[in-house]
Amino acid sequence: QVQLVESGGGLVQAGDSLRLSCAADGRTFSRYVMAWFRQAPGKEREFVAGIDYSGTLTYYQDSVKGRFSISKNNAKNTVYLQMNSLKPEDTAVYYCASQRAPYGSTSEADQREYNYWGQGTQVTVSS
């Protein structure tokens, strides 16, 4: 059974930075696209960023381009989301997810294509 465990969320002020981590256990991590999604109160969960199996290719939702950076360390089975210049509208529960099929698409935003999810970590940005 694959487990994904997020950490690093918290309460920050607008303009601050946070780094989220997602540790994976039980899967050959280097073969799968990993992604971060988020869900704000009263809204549907949305794609934030994705990274390919090698850690070379990345893809971002327009609203976070230039502010967020996704990376991964295959040796540590960990994916990261560096979030800079945070805004109140970034407030959400952030989830990491592993794509269902190996060697998939970095820009895949359809949640049905991800079969493993973490429990989520809360990020709150105050104005």
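Whatever comes next refers back to the structure up there.
Since the model is a prediction, treat every value here as computed from it, not as a measurement.

Asker: Please clarify how unusual backbone geometry should be interpreted in this entry.
Answerer: Apart from glycine, the bulk of residues carry a negative phi angle, and the bulk of peptide bonds sit in the trans form. In this structure, Asn77 is a non-glycine residue whose phi angle is positive, near 55°. Tracing the chain through its elements places Asn77 in the loop between strand S7 (68–73) and strand S8 (78–83).

Asker: What is the right way to look at the packing of aromatic side chains in this model?
Answerer: Enumeration over the complete set of coordinates arrives at six aromatic pairs. Centroid distance Phe37 to Phe47: 5.6 Å. Interplanar angle 85°. Geometry classified as edge-to-face. Taken together, the residues Phe37 in strand S4 (residues 34–39) and Phe47 in strand S5 (residues 46–51) connect sequence positions ten residues apart. Relative accessible area serves as the criterion here: at 0%, Phe37 is assigned to the buried category. You can call Phe47 buried: its relative accessible area is 8%. Each ring, one from Phe37 and one from Tyr114, has its centre 5.1 Å from the other, and the planes form 80°; the classification is edge-to-face. Placement of the pair is Phe37 in strand S4 and Tyr114 in strand S10 (residues 114–117), with a sequence separation of 77 residues.

Asker: Where do I start with the pattern of salt bridges in this structure?
Answerer: In a structure, side chains of opposite charge can pair up when their charged atoms sit close to one another. Tallied over the full model, the rule gives five salt bridges. The salt bridge partner of Arg38 is Asp90, with a shortest N-O separation of 3.0 Å. Residue Arg38 is found in strand S4, and its partner Asp90 is found in the loop between S8 and strand S9 (92–99); the two are separated by 52 residues along the sequence. The burial state of Arg38 is the same as that of Asp90; both residues are buried. With a shortest N-O distance of 3.1 Å, Asp62 and Lys65 are connected by a salt bridge. You can call Asp62 exposed: its relative accessible area is 61%. For Lys65, a relative accessible area of 48% translates into the label partly exposed. Linked through salt bridges whose partners overlap, the residues forming this network are Arg38, Glu46, Arg67 and Asp90.

Asker: What should I look at first to understand the sheet that holds strand S3 (residues 18–25) in this one?
Answerer: In any sheet, the strands associate via hydrogen bonds between backbone groups, in a parallel or an antiparallel arrangement. Spatially, S1-S3-S8-S7 is the arrangement adopted by the four strands of the open sheet, whose pairing is antiparallel. This sheet does not close on itself; its edge strands, each paired only once, are strand S1 (3–7) and S7. Direction aside, neighbouring strands of the sheet carry axes that sit 15° apart on average. Strand direction decides the pairing type here: S7 and S8, joined by six bridges, are antiparallel. Along S8, the bridge assignment pairs Phe68 with Met83.

Rules used in this analysis
Residues numbered from 1 in each chain as written. Predicted model: local features only at pLDDT ≥ 70, side-chain atom pairs only at ≥ 80, totals over all residues. Heavy atoms only, no water. Helix = DSSP H or I, 4+ residues; strand = E, 2+ residues; numbered from the N terminus. Phe/Tyr/Trp six-rings, centres within 6.5 Å; stacked < 30°, edge-to-face > 60°. Buried < 20%, exposed > 50% of the residue type's maximum accessible area, 1.4 Å probe, protein only. Salt bridge = Lys/Arg side-chain N within 4 Å of Asp/Glu carboxyl O. Pairing = 2+ DSSP bridges. Axes fitted to C-alpha atoms, helices over the stretch in contact; angles between N-to-C directions.

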